[in-house]
Number of protein chains: 2
Amino acid sequence: MRWQPDAVGRLQASALELFAERGYDATTVADIAGRAGLTRRTFFRHFTDKREVLFVGSEQLLQAFLAAMEAADLDAPPLDTVIVGVEALADIFGPERHQFARTRAAIISSCPELHERELIKLASMSAAAAETLRTRRVPGPVATLAADTGVNVFHATFTRWIAQDDPAAFRRILHEVLRTLSSLIAHHRSDTDTAALT
Amino acid sequence: MRWQPDAVGRLQASALELFAERGYDATTVADIAGRAGLTRRTFFRHFTDKREVLFVGSEQLLQAFLAAMEAADLDAPPLDTVIVGVEALADIFGPERHQFARTRAAIISSCPELHERELIKLASMSAAAAETLRTRRVPGPVATLAADTGVNVFHATFTRWIAQDDPAAFRRILHEVLRTLSSLIAHHRSDTDTAALT
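None of these values were measured; they are calculated from a predicted model.

Calculation notes
- Residues numbered from 1 in each chain as written.
- Chains lettered and ligands numbered in written order.
- Predicted model: local features only at pLDDT ≥ 70, side-chain atom pairs only at ≥ 80, totals over all residues.
- Heavy atoms only, no water.
- Salt bridge = Lys/Arg side-chain N within 4 Å of Asp/Glu carboxyl O.
- Buried < 20%, exposed > 50% of the residue type's maximum accessible area, 1.4 Å probe, protein only.
- Helix = DSSP H or I, 4+ residues; strand = E, 2+ residues; numbered from the N terminus.
- Least-squares fit on C-alpha atoms with pLDDT ≥ 70 in both.
- Contact = heavy atoms within 4.5 Å.
- Buried area = accessible area lost by both parts, 1.4 Å probe.
- Polar contact = N/O pair within 3.5 Å; in protein donor to acceptor, adjacent residues only side chain to side chain.
- 1 Å grid on protein atoms, 1.4 Å probe; cavity = no way out; pocket = protein on both sides within 12 Å on 5 of 7 lines; lining within 4 Å.
- Points joined across faces, edges and corners; volume = space filled by probe spheres on them.
- Nonpolar A, V, L, I, M, F, W, Y, C, P; charged D, E, K, R; others polar.
- Phe/Tyr/Trp six-rings, centres within 6.5 Å; stacked < 30°, edge-to-face > 60°.
- Domains from an automatic or database assignment.

1. With respect to the pattern of salt bridges
Counting across every chain of the model gives 23 salt bridges over all chains. Between A:Asp31 and A:Arg22 there is a salt bridge, with its nearest N and O atoms 3.1 Å apart. Residue classification places A:Asp31 among the partly exposed positions, given a relative accessible area of 24%. Assessed through its relative accessible area of 44%, A:Arg22 is described here as partly exposed. The closest approach of N and O atoms between B:Arg35 and B:Glu17, which form a salt bridge, is 2.6 Å. Residue B:Arg35 is located in helix H2 (residues 29–35), and its partner B:Glu17 is located in helix H1 (residues 7–22); the two are separated by 18 residues in the primary sequence. Looking at B:Arg35, the relative accessible area reads 35%, which means it is partly exposed.

2. A word on the relation of the copies chain A and chain B
The pair of chain copies shares a relation made of a rotation about an axis and a shift along it. Mapping chain A onto chain B calls for a screw motion: a turn of 180 degrees about the axis and a shift of 0.0 Å along it, with 0.0 Å RMSD after fitting. Accordingly, the operation relating the two chain copies is best matched by a two-fold axis.

3. Quick word on the interface of chain A and chain B
Of the residues lining the interface, 37 residues belong to chain A; the matching set on chain B comes to 37 residues. Summing the contributions of chain A and of chain B, the shared interface buries around 3,400 Å²; its carbon and sulfur component is 70%. Looking only at chain A, the three residues that lose the most surface to chain B are A:Leu145, A:Leu184 and A:Ile185, adding up to 19% of its buried area. Counting across the interface, chain A meets chain B through zero salt bridges. Viewed at the interface, chain B and chain A are joined by two residue pairs in polar contact (both at pLDDT 80 or more).

4. As for the layout of surface pockets
All names here are of chain A. Approximately 220 Å³ is the volume found for the second largest pocket. As for the second largest pocket, its lining consists of Glu52, Phe55, Val56, Ser58, Glu59, Leu61, Leu62, Arg117, Ile120, Lys121, Ser124 and Met125. Those elements giving two or more residues to the lining of the second largest pocket turn out to be helix H4 (50–55), helix H5 (58–71) and helix H8 (112–135). Here the lining of the second largest pocket gets five residues from one element, more than from any other, and that element is H8. A per-class count over the lining of the second largest pocket returns six nonpolar, two polar and four charged.

5. Quick look at helix H6 (residues 78–92) of chain A
Judged by how many residues are buried, H6(A) sits mostly within the fold: twelve of 15 residues are covered. Along H6(A), the residues that are buried comprise A:Pro78, A:Leu79, A:Asp80, A:Thr81, A:Val82, A:Ile83, A:Gly85, A:Val86, A:Glu87, A:Ala88, A:Leu89 and A:Ala90.

6. Overview of unusual backbone geometry
Residue and element names in this part refer to chain A. Phi angles above zero are rare outside glycine, and Arg137 is one such case at about 65 degrees. Residue position: Arg137 is located in the loop between H8 and helix H9 (140–163). We classify Arg137 as exposed; its relative accessible area is 80%.

7. Concerning the packing of aromatic side chains
Residues and elements named next belong to chain B. Throughout the structure, instances matching the rule amount to 21 aromatic pairs over all chains. Centre to centre, the rings of Phe93 and Phe158 are 5.1 Å apart; their planes meet at 65 degrees, and the pair counts as edge-to-face. In this pair, Phe93 is assigned in the loop between helix H6 (78–92) and helix H7 (98–109) and Phe158 in helix H9 (residues 140–163), connecting sequence segments 65 residues apart. Of the two residues, Phe93 and Phe158, neither departs from the other in class, the shared state being buried. Ring centres of Phe154 and Phe158 lie 6.1 Å apart, and the angle between their planes is 45 degrees; on these two criteria the pair is classed as tilted. Note that Phe154 and Phe158 are positioned in helix H9 at a spacing of four residues, about one turn of the helix. Among the residues examined, Phe154 registers a relative accessible area of 5% and is labelled buried.

8. Remarks on the side chain of A:Glu118
Residues and elements named next belong to chain A. Mapped onto the secondary structure, Glu118 falls in helix H8. According to the relative accessible area criterion, Glu118 is buried, its value standing at 15%. With sequence-adjacent residues up to four places away left out, Glu118 is seen in contact with Phe55, Arg104 and Ile108.

9. Quick look at the domain arrangement of chain A
Residue and element names in this part refer to chain A. Looking at chain A, the domain boundaries give domain 1 (7–49) and domain 2 (57–188). Here the C-alpha centre of domain 2 lies 28 Å away from the C-alpha centre of domain 1. On the side of domain 2, seven residues touch domain 1, which itself brings six residues to the contact. Taking both sides of the interface into account, the surface hidden between domain 1 and domain 2 amounts to around 540 Å²; carbon and sulfur atoms contribute 81%. Per-residue buried area on domain 1 facing domain 2 is highest for Gln12, Leu16 and Tyr24; these three make up 78% of the total on that side. The tally of links from domain 1 across to domain 2 stands at zero salt bridges. When the residues that make up the side of domain 1 that touches domain 2 are grouped by side-chain class, the tally is four nonpolar, one polar and one charged.

Structure follows, in structure tokens:
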């Protein structure tokens, strides 16, 4: 067997190229392995199926997010704790990852099955964040709302990051999203909300 | 053929009973029809499969939500417009629906396939709300964030409504959730956020 430097990286790059060229459904594992100059067997040593190529980083992402939340000041307000977690993702979504993230997102939005998997990933992230907040004695319903809000902020940041051309902008965009959210809430003052204050 | 008063309602009630008793996976369409005193053929006249029994109201829900958003004051801030839509759902999630919603939620959380379908439903609701905001000249990224935030508020309200015992509490809980959200954002003032203001 030949020595295979960075087989995972080569398989990922080949898969992304092929998904973009031919579509996700029309690409087989054999195609991916062939393009990378590797065998199907090598592919299956690293991934369970072709979908996993696109989601292999999700677990590390989740762990980085939760580790940062756990390291946050215990006195931090709930949403701050979640945002500390999102801040940690700025290190992962650095300039070197911009092109990959863009290509990956285009593939994911082209295929309902992948899009659903992405939604489930975000929901798991939110559930884990809520659980982390509850272990920090944040009451359940507040924990869920803070977690969902923080994961929304992450999702909005990520979506804007890949839609624009500055690969280093993740952190700046995160701050913009937080300001937009503050302003949305600050300007929210409907009749019903006023009625609720009585 | 016998006259079948409210076949849909009877099939729904039977399905919920059986899903709760035996589990979703172990229940067949024949079981559901049998319990309702109807035939499989009648079942398939109203539903495409057993899953649809649980999601048949989703489309009306979405339409009521969007219709209320479209009727909202054109000068309303973006989040208010979405919340007007959520307010309209308070009429649908009235006291008579509390027990059904509770039982349905318990079944959905017991089955990953159903839970995924529920996530997709919420994501569609958010995408449709964002589109409605964009037609009202709200800039794209703000529209997405406001829509996601509003749908979060709906989801948090719904979750609390079914977790507590007052069937008439949907609107009151909605207002509580809005206050919790305001307070989460108001208390959010991390270092990074302060840095962003410079």
